[in-house]
Amino acid sequence: MYVNREWLELVQEDALDPDLPICDPHHHFFADSNRYVAYMPPDARHDMTGSHRIMETVFVECREGYRRSGPESMKPVGETEFVMELVTERPDEEVLLAAGIVGYADLTLGGSVAEVLEAHLAAAPGRFKGIRHATAYAPGLQSYGNSPPNLLSDNEFRAGFACLAQYGLTFDALIYAHQMPDLVDLAAAFPSTTIILDHIGMPLDVGGPDSERAQAWREGIIEIAQRPNVVVKLGGLGMTQSGFGWHEQAMPPDSVTLAEQTGPFYLWCIEHFGVDRCMFESNFPVDKVSYSYSVLWNSFKRMTASFSSDERAALFRGTALRVYQLGDG
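Residues numbered from 1 in each chain as written. Predicted model: local features only at pLDDT ≥ 70, side-chain atom pairs only at ≥ 80, totals over all residues. Heavy atoms only, no water.

K.L.:
Got a minute to help me understand the overall build of the chain in this structure?
P.N.:
Counting secondary structure elements, the chain contains 10 helices and 8 strands. For 329 residues, the compact-globule estimate of 2.2 N^0.38 gives 20 Å, and the chain sits close to it at 18 Å. In terms of its C-alpha atoms, the chain occupies a principal-axis envelope of roughly 50 × 45 × 40 Å. Taking contacts inside the chain between residues at least 6 apart in sequence as the whole, the part at least 24 apart equals 80%. Summed over all atoms, the accessible surface of the chain reaches about 13400 Å², with 47% contributed by carbon and sulfur. A gap of 3 Å separates the mean positions of the 24 positive and 45 negative side-chain charges of the chain. (Helix = DSSP H or I, 4+ residues; strand = E, 2+ residues; numbered from the N terminus. Rg over C-alpha atoms; globule rule 2.2 N^0.38 Å. Contact = heavy atoms within 4.5 Å. Areas by Shrake-Rupley, 256 points an atom, 1.4 Å probe, with all protein chains shown as cover. Lys, Arg positive; Asp, Glu negative; His and termini not counted. Charge placed at Lys NZ, Arg CZ, Asp CG, Glu CD.)

So this is what it looks like as structure tokens:
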């Protein structure tokens, strides 16, 4: 993933409603690697401070910092250790980075995944909140995690999933939009486990609200919203696979354009899930390929300008605090 910083700087905006408290419930840290541009705490703080009022964040697994030795099943615990080392170096910073941590554990280990969960919890006392085991699958498409088809229905996966409730952990679901019926079934089978639908279900090549793919996505959202233990993260449309093509334009989108083009998707989720089951997210630095951090949060503020103060408080911070059990949430 290449981020063109000079291109992003062509559009600069001051923060709208700069005093509105925000929890960013989805970002990553990347060391300098062949997969992604480096994005470490100084980079995150640069994006998050001096503009919008970001209070705390949730780090979501991205396969960084794994242990290089020991049992294969335990290697992902290294990512939690890696994040804790990064964020405890400067504890008095304005933004509480990784107030919550969502890690990876192979749920196909079944009941034996409990050992991995306990190790994550021990590595980040009070901060470790959940698991993301990517299950996104589409024929002919290489996806993050390279999941096989129908993993959400796999018996061993579900045996591992059942362990989450024992530890009070959430599950971040990374799926494609056409897999939403499978997630509905999983949510029905485990009603006591909170499931967070990442990136509004990752609609592929949707391009705009009037496409056939967008209509199919809308129908899926209606169905999955019926499961009360599912909440949704509003973000992720900056990924190139969404099909908007901003990264190929001469200028990055400003917040007015972004709100106009993404608002129909995010507002549809809010309509069907309600503000108490929705949370805005950045998905940085992955979405940074398409727009800047300040522009993104301005677009969220524009599309909710007519909402009440209580509704905005939920969308921008309250839902995330409650779902991930952060601070005063």
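K.L.:
I tried to follow the pairing of strand β1 (residues 21–27) on my own but got confused; where do I start?
P.N.:
In regular strands, side chains alternate between the two faces of the sheet. Where burial is concerned, most of β1 is hidden: 6 out of the 7 residues are buried. Relative to strand β2 (residues 53–60), β1 runs parallel, the two sharing 5 bridges. Bridge pairing links Asp24 to Thr57 in β2. (Buried < 20%, exposed > 50% of the residue type's maximum accessible area, 1.4 Å probe, protein only. Pairing = 2+ DSSP bridges.)

K.L.:
Quick question: what am I supposed to make of the sheet that holds β2 here?
P.N.:
Read from one edge to the other, the open sheet built from 8 strands follows the order β1-β2-β3-β4-β5-β6-β7-β8, with strand pairing classed as parallel. Two strands bound the open sheet, and with one partner strand each, they are β1 and β8 (278–280). Strand after strand, the sheet turns through a mean of 30° between neighbouring axes, direction not considered. Here 4 bridges tie β2 to strand β3 (residues 96–103), and the two strands are oriented parallel to one another. By the bridge assignment for β3, Phe59 is matched with Ile101. (Axes fitted to C-alpha atoms, helices over the stretch in contact; angles between N-to-C directions.)

K.L.:
What's the story with helix α5 (residues 155–166) in this structure? I'm lost.
P.N.:
Given 3.6 residues per helical turn, the α-helix brings residues three or four places apart onto the same face. Turning to α5, its buried residues are Phe157, Arg158, Gly160, Phe161, Cys163 and Leu164. The opening residue of α5 is Asp154, an N-cap whose side-chain oxygen sits 3.0 Å from the backbone nitrogen of Glu156. Backbone geometry just downstream of α5 places Gly168 in the positive-phi region, at approximately 65°. (Polar contact = N/O pair within 3.5 Å; in protein donor to acceptor, adjacent residues only side chain to side chain.)

K.L.:
Please clarify how the packing of α5 against helix α6 (residues 180–189) should be interpreted in this entry.
P.N.:
For any two helices packed against each other, the geometry is given by the interaxial angle and the distance between the axes. Two elements in contact, α5 and α6, have axes whose closest approach is 11 Å; the angle formed by their N-to-C orientations is 50°. With respect to α6, the axis of α5 lies oblique. For the pair α5 and α6, the crossing hand works out as right-handed. Contacts from Phe157, Arg158 and Phe161 in α5 reach Asp185, Leu186 and Ala189 in α6. Classifying every residue of the contact of α5 with α6 by side-chain character gives 4 nonpolar, no polar and 2 charged. (Parallel < 35°, antiparallel > 145°, perpendicular 65-115°, else oblique. Left-handed = near helix turned anticlockwise from the far one by under 90°. Nonpolar A, V, L, I, M, F, W, Y, C, P; charged D, E, K, R; others polar.)

K.L.:
What am I meant to see in the pattern of salt bridges here?
P.N.:
A side chain of one charge can pair with a side chain of the opposite charge if their charged atoms are brought near each other. Following the criterion strictly, the structure yields 10 salt bridges and no others. Here Glu81 and Arg67 are joined by a salt bridge, their closest N and O atoms 2.7 Å apart. Highlighted residues: Glu81 in helix α3 (residues 77–87) and Arg67 in the loop between β2 and α3, separated in sequence by 14 residues. You can call Glu81 partly exposed: its relative accessible area is 29%. Judged by its relative accessible area of 30%, Arg67 is partly exposed. Among the ionic contacts, a cluster of salt bridges with common partners joins Glu61, Arg132, Asp172, Asp198 and Lys233. (Salt bridge = Lys/Arg side-chain N within 4 Å of Asp/Glu carboxyl O.)

K.L.:
Mind showing me how you'd approach the pairing of strand β4 (residues 128–132) here?
P.N.:
Among the 5 residues that make up β4, 5 are buried, leaving the element largely enclosed by the rest of the structure. When β3 meets β4, the two strands line up parallel, connected through 3 bridges. Directly across from Ile101, in β4, lies its bridge partner Phe128. Remark: the β3/helix α4 (residues 114–123)/β4 crossover connection has right-handed handedness. Here β4 pairs with strand β5 (residues 170–173) via 3 bridges, running parallel. Paired with Arg132 across the two strands is Asp172, which belongs to β5. Once the chain exits β4 it traverses α5 before rejoining the sheet at β5, and the crossover so formed is right-handed. (Right-handed = clockwise from strand over helix to strand, strands pointing away.)

K.L.:
Explain the environment of Arg312 to me, please; I cannot follow it from the model alone.
P.N.:
Its place among the elements puts Arg312 in helix α10 (residues 309–323). In this structure, Arg312 is in contact with Asp17, Leu20, Lys301, Thr304, Ala305 and Phe307, ignoring residues within four places of it in sequence. At 3.0 Å, the side chain of Arg312 and the backbone oxygen of Lys301 are in polar contact. Among the polar contacts made by the side chain of Arg312, one reaches the main-chain carbonyl oxygen of Thr304 at a distance of 3.2 Å.

K.L.:
I keep staring at the packing of aromatic side chains and nothing clicks. Help me out?
P.N.:
The way to describe two aromatic rings as a pair is by their centre distance and the angle between their planes. The full count for this structure, using the stated rule, is 16 aromatic pairs. The interplanar angle of 70° and the centroid separation of 5.0 Å between the aromatic rings of Phe161 and Phe171 together place this pair among those described as edge-to-face. Placement of the pair is Phe161 in helix α5 and Phe171 in strand β5, with a sequence separation of 10 residues. On the basis of relative accessible area, Phe161 is assigned to the buried category, the value being 0%. What makes Phe171 buried here is its relative accessible area of 0%. For the ring pair Phe161 and Phe190, a centre distance of 4.9 Å and an interplane angle of 55° mean the geometry is tilted. (Phe/Tyr/Trp six-rings, centres within 6.5 Å; stacked < 30°, edge-to-face > 60°.)

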